[in-house]
Amino acid sequence: MAEIIQYKLEGMIPELEDLEQKEIFSKDEIKMIVKKRTNMEYSIKRRQPPLEDFMRYIEYEMNLDLLRKKRKHRLGIEPKPTVSDKAAGERIIGLFERAVERHRGNEELWVKYIEFVRKEEKYQQKIERFQDQEQLNQYSKVMKLFARAIQNFPLIDKFWLLAARFEFEINNNEGNARRLMQRGLRINKKSKRMWLEYCELELLFAEKIKLRRKILGIDKDTNLENNPDLVENQNNPYLQGQVAILIYKYAVTEISDSFEFRKSFVELFNKYKISAGVKLVLEEIKSTFAGKNPKAEIYSETALLSLFFEPETSKWLEMLVTVAENITELINSQESSDGITNEKRLETSNLEYRSKLAKFYQDWMIGVYSDLKIDAISAYLKALIIKNFENAEKEEILNPGMACDYMNFLYEKLDMSQVLFSSKLICSDDIHKRFERAILSLNQHFNNSETTPVSELASTTNGNETGSNDNIDVQTKIQLRYINWVCPSFNNPKNESELEQIAARKAFSTILRNSKPTLLTLKHLLEYEHLVFDIVLSKSGQGLNQKLLSSNKQLKTSYNQIIHLYQLATSNYPEEKNMWEKYIQFLRRAGSFEAANNVLFTASKIHKIVGI
């Protein structure tokens with residue numbers, strides 16, 4: 001081992017002498033370089049050297065070469081290449097070769113190797129003053145390396161894509177890029193990325209041809225009779241995206257059951273303004289996923305509106321009306337607008353499927369509503385959202401997630417007074433029922449593992465209502481909104497009447513009857529009840545004692561309510577140490593020392609509570 005390492009170090013002598021002659025590195029620095037390289041060589045010469053040792057050595061050589069280039073530039077040394085200019089790159093390539101020989105199956109190592117060789121070839125062309133010669137196959141080393149990587153990983157699409165992209169974008173060889181894509185797809189027929197990238201490659205090449213025609217002024221001659229070549233070019237199927245559409249057709253024969261895959265083609269065709277491709281894919285999504293994928297069905301109906309029409313224009317509004325009619329018929333399992341009935345629509349009669357259709361339709365409308373600026377159109381869309389929700393209630397296809405999003409829309413997107421006293425919600429009993437239904441639906445939603453994740457729902461809300469952080473959850477939001485509605489002075493109980501206090505407590509009873517109160521709801525209610533308790537106590541003009549508690553009915557009611565809230569909080573959230581401490585402190589303040597000791601005994605089994 002030592003002889004081999006010594007031989008390698010002796011091979012560095014011409015390079016180190018050149019660096020010393022140019023005064024890029026001093027003698028002491030060269031000694032340090034030799035010592036460092038010796039240690040590194042020994043570390044990678046072991047029987048089974050880990051990849052980290054190779055990467056550490058490569059990183060050291062890269063940093064050293066970067067320092068050499070900066071010092072050379074600072075010293076103003078002529079750019080004529082010498083032995084030290086080429087030796088660093090060759091050494092790093094040699095290290096990569098030794099690394100891939102030992103760790104052939106590491107994908108990231110191959111990617112880093114290819115990237116370095118690409119940069120090194122570019123740098124060598126620059127110092128040899130060939131940077132202006134844009135010729136084909138100038139990156140021969142890179143392409144050979146890509147070939148080796150593909151041979152090593154034929155079933156991994158990453159290297160096929162990197163090689164094709166390199167040929168197309170850097171080497172300007174569209175033919176090689178196309179051949180690489182086609183060969184890759186023969187092996188990786190189920191690769192979604194490869195189908196999409198191949199389709200985009202053809203569309204990009206068509207855009208290149210169009211740009212060349214524009215630069216050459218071919219399209220300026222609009223006299224088709226005098227220019228038959230122009231007629232031929234305008235009718236060229238390749239420039240119209242027909243080849244890309246054909247690629248899509250082959251792709252969906254291999255991957256036929258993925259809605260997201262087809263949706264990616266819609267976005268791709270729309271990006272390059274291939275309207276025929278967009279319409280074809282949307283029609284196929286509609287026919288393929290009818291009665292199978294509610295999200296796909298809603299997307300097939302609404303995509304044209306968002307892709308082809310300017311928002312809030314007359315044509316956009318006409319299309320919106322048509323889309324609303326079509327989706328309403330779809331949800332109600334009626335005959336579609338194009339006269340197609342039955343076999344494919346039979347499954348839509350399933351309540352669960354129709355419920356999902358209504359939910360996705362509502363999500364789409366709420367998303368559109370948030371971007372509208374014209375009041376009249378906003379009012380129309382708001383009416384559609386309310387109509388869809390009421391229809392879901394009537395048809396008994398309302399699901400908890402939909403109810404949650406609807407309540408969030410009403411009390412976040414719309415003005416409260418406009419919502420509560422509009423013709424749709426003019427009855428206070430109806431408002432109570434809606435709140436109660438929303439609370440119950442939320443409770444079912446959060447107890448159902450098959451519904452939308454909590455984090456997804458929580459991300460649609462914010463905590464400005466209660467002055468807390470922005471991550472307030474949806475359950476807390478709806479619970480506190482209900483209490484705030486029945487008791488407007490909930491956040492400032494100094495001027496409220498006893499009737500409002502009763503209303504707030506009844507609202508909490510409704511919440512308790514239909515769901516589990518959240519910790520944040522309990523904290524807000526305790527804060528409220530403590531304020532009420534202090535206000536009543538101050539009005540009595542006496543100190544707090546057991547005799548006063550038994551004689552003052554309003555104070556006793558408030559006291560019992562606080563005890564009830566603490567019991568709920570500590571039983572449902574026993575891990576909250578702070579809640580136990582406040583509970584004990586309140587009991588001692590009220591003179592209920594025996595009860596405080598009992599609570600302390602219970603709390604001590606869960607937490608170490610000291611100094612209360």
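On a predicted model such as this, the values are computed, not experimentally measured, just so you know.

## A few points about the overall build of the chain
Step number 1: Counting secondary structure elements, the chain contains 29 helices and zero strands.
Step number 2: For the chain, the proportion of its 612 residues judged to be buried stands at 45%.
Step number 3: Sequence separation of at least 24 residues holds for 65% of the intrachain contacts in the chain that already meet a minimum separation of 6.
Step number 4: Carbon and sulfur atoms make up 51% of the accessible area of the chain, which amounts to about 33300 Å² in all.

## So, the packing of helix H10 (residues 192-216) against helix H13 (residues 259-271)
Step number 1: The geometry of H10 relative to H13 is characterised by a closest axis approach of 11 Å and an angle of 15 degrees between their N-to-C directions. Relative to H13, H10 is oriented roughly parallel. Where H10 crosses over H13, the handedness of that crossing is right-handed. Contacts between H10 and H13 involve Lys192, Trp195, Leu196, Cys199, Glu200 and Leu203 from the former and Phe261, Ser264, Phe265, Leu268, Phe269 and Lys271 from the latter.
Step number 2: Its residues placed into classes, the contact of H10 with H13 shows eight nonpolar, one polar and three charged.

## Side note on the environment of glutamate 500
Step number 1: Inspection of the secondary structure assignment puts glutamate 500 in helix H24 (residues 498-514).
Step number 2: In this structure, the C-alpha to C-alpha distance between glutamate 500 and proline 488, residues twelve residues apart in sequence, is 8.2 Å.

## A look at the environment of leucine 410
Step number 1: Positionally, leucine 410 belongs in helix H19 (residues 400-413).
Step number 2: Once the C-alpha coordinates of leucine 410 and isoleucine 386 are considered, the two residues, 24 residues apart in sequence, prove to be 9.3 Å apart.

## Re helix H23 (residues 474-486)
Step number 1: Here H23 spans 19 Å end to end across 13 residues, near enough to the 18 Å set by a 1.5 Å rise per residue.
Step number 2: With respect to burial, H23 is a largely interior element, 13 of its 13 residues being buried.

## A closer look at the packing of aromatic side chains
Step number 1: Within this structure, the stated rule accounts for 18 aromatic pairs.
Step number 2: Ring centres 6.1 Å apart and planes at 70 degrees place the aromatic pair phenylalanine 205 and tyrosine 238 in the edge-to-face group. Of this pair, phenylalanine 205 sits in helix H10 while tyrosine 238 sits in the loop between helix H11 (228-234) and helix H12 (242-254), and the two are 33 residues apart along the sequence.
Step number 3: When the centroid spacing of 6.4 Å and the interplanar angle of 15 degrees are considered together, the rings of tyrosine 361 and tryptophan 364 count as stacked. On the criterion of helical spacing, the pair formed by tyrosine 361 and tryptophan 364 is a turn pair, its members being three residues apart in helix H17 (residues 351-369).
Step number 4: A relative accessible area of 2% means that tyrosine 361 is categorised as buried.
Step number 5: Take tryptophan 364: its relative accessible area is 17%, and that puts it in the buried class.
Step number 6: Here the aromatic residues Phe533, Tyr559, Tyr566, Tyr583 and Phe586 are joined through ring pairs into a cluster of three or more.
Step number 7: Sitting over the ring of tyrosine 60, lysine 36 keeps its end group 6.0 Å from the ring centre.
Step number 8: Lysine 208 extends its terminal NZ or CZ atom over the ring of phenylalanine 168, reaching a point 4.4 Å from the ring centre.

## Digging into the confidence of the model for the chain
Step number 1: On average, residues of the chain score 81 in pLDDT, and 79% of them are at 70 or above.
Step number 2: This stretch, residues 416-426, has a pLDDT under 50; its non-local contacts, to residues over four places away or in other chains, come to 20 contacts.

## So, H13
Step number 1: With 13 residues, H13 should cover 18 Å at 1.5 Å per step; its first-to-last C-alpha distance of 18 Å lies within 8% of that length.
Step number 2: Looking at the buried side of H13, the elements it contacts are H10, H12, helix H14 (275-288) and helix H15 (294-308).
Step number 3: The residue sitting at the N-terminus of H13 and contributing the capping side-chain oxygen is serine 258; that oxygen lies 3.2 Å from the backbone nitrogen of phenylalanine 261.
Step number 4: Looking one or two residues beyond H13, the residue adopting positive phi is lysine 273, at roughly 60 degrees.

## Focus: the nonpolar core
Step number 1: One finds Trp195, Cys199, Leu203, Phe265, Phe269 and Ile285 to be the most contacted residues of the largest nonpolar core, which totals 81 residues.
Step number 2: The dominant element in this core, judged by the number of residues it contributes, is H10, at eight residues.
Step number 3: In this structure phenylalanine 265 touches Trp195, Leu196, Cys199, Tyr248, Ala251 and Val281, once residues within four positions along its chain are discounted.
Step number 4: In this structure, Leu525, Phe533, Ile563 and Tyr573 belong to the second largest nonpolar core, which totals 39 residues.

## Observations concerning the pattern of salt bridges
Step number 1: Enumeration over the complete set of coordinates arrives at 28 salt bridges.
Step number 2: A salt bridge links arginine 91 to glutamate 15; its shortest N-O distance comes to 2.1 Å. Of the two residues, arginine 91 is situated in helix H5 (residues 83-102) and glutamate 15 in helix H2 (residues 13-21); the sequence distance between them amounts to 76 residues.
Step number 3: Judged by relative accessible area, which is 5%, glutamate 15 ranks as buried.
Step number 4: A salt bridge links arginine 178 to glutamate 202; the nearest nitrogen and oxygen atoms lie 2.7 Å apart.

## Describing the side chain of glutamate 529
Step number 1: Along the chain, the position of glutamate 529 falls in helix H25 (residues 519-540).
Step number 2: Given a relative accessible area of 2%, glutamate 529 falls into the buried group.
Step number 3: Among residues more than four places away in sequence, those in contact with glutamate 529 are Arg505, Ser558, Gln561, Ile562 and Leu565.

## Side note on the environment of isoleucine 170
Step number 1: Residue placement: isoleucine 170 occurs in the loop between helix H8 (157-169) and helix H9 (174-187).
Step number 2: You can call isoleucine 170 partly exposed: its relative accessible area is 24%.
Step number 3: When the C-alpha positions of isoleucine 170 and tyrosine 139 are compared, they lie 8.9 Å apart, and in sequence the two are 31 residues distant.
Step number 4: Setting aside its immediate chain neighbours within four residues, isoleucine 170 contacts Arg118, Tyr139 and Arg165.

## So, the side chain of glutamate 301
Step number 1: Relative to the assigned elements, glutamate 301 resides in helix H15.
Step number 2: A relative accessible area of 11% places glutamate 301 in the buried class.
Step number 3: Side chain to side chain, glutamate 301 and lysine 286 meet in a polar contact 3.2 Å long.
Step number 4: Once residues within four sequence positions are removed from consideration, glutamate 301 is found in contact with Lys286, Val323, Asn326 and Ile327.

How each quantity is defined
- Residues numbered from 1 in each chain as written.
- Predicted model: local features only at pLDDT ≥ 70, side-chain atom pairs only at ≥ 80, totals over all residues.
- Heavy atoms only, no water.
- Helix = DSSP H or I, 4+ residues; strand = E, 2+ residues; numbered from the N terminus.
- Buried < 20%, exposed > 50% of the residue type's maximum accessible area, 1.4 Å probe, protein only.
- Contact = heavy atoms within 4.5 Å.
- Areas by Shrake-Rupley, 256 points an atom, 1.4 Å probe, with all protein chains shown as cover.
- Axes fitted to C-alpha atoms, helices over the stretch in contact; angles between N-to-C directions.
- Parallel < 35°, antiparallel > 145°, perpendicular 65-115°, else oblique.
- Left-handed = near helix turned anticlockwise from the far one by under 90°.
- Nonpolar A, V, L, I, M, F, W, Y, C, P; charged D, E, K, R; others polar.
- Expected span 1.5 Å × (residues − 1).
- Phe/Tyr/Trp six-rings, centres within 6.5 Å; stacked < 30°, edge-to-face > 60°.
- Lys NZ or Arg CZ within 6 Å of the ring centre and 35° of its normal.
- pLDDT = per-residue confidence, 0-100.
- Polar contact = N/O pair within 3.5 Å; in protein donor to acceptor, adjacent residues only side chain to side chain.
- Core = buried A, V, L, I, M, F, W, Y, C linked by side-chain atoms within 4.5 Å.
- Salt bridge = Lys/Arg side-chain N within 4 Å of Asp/Glu carboxyl O.

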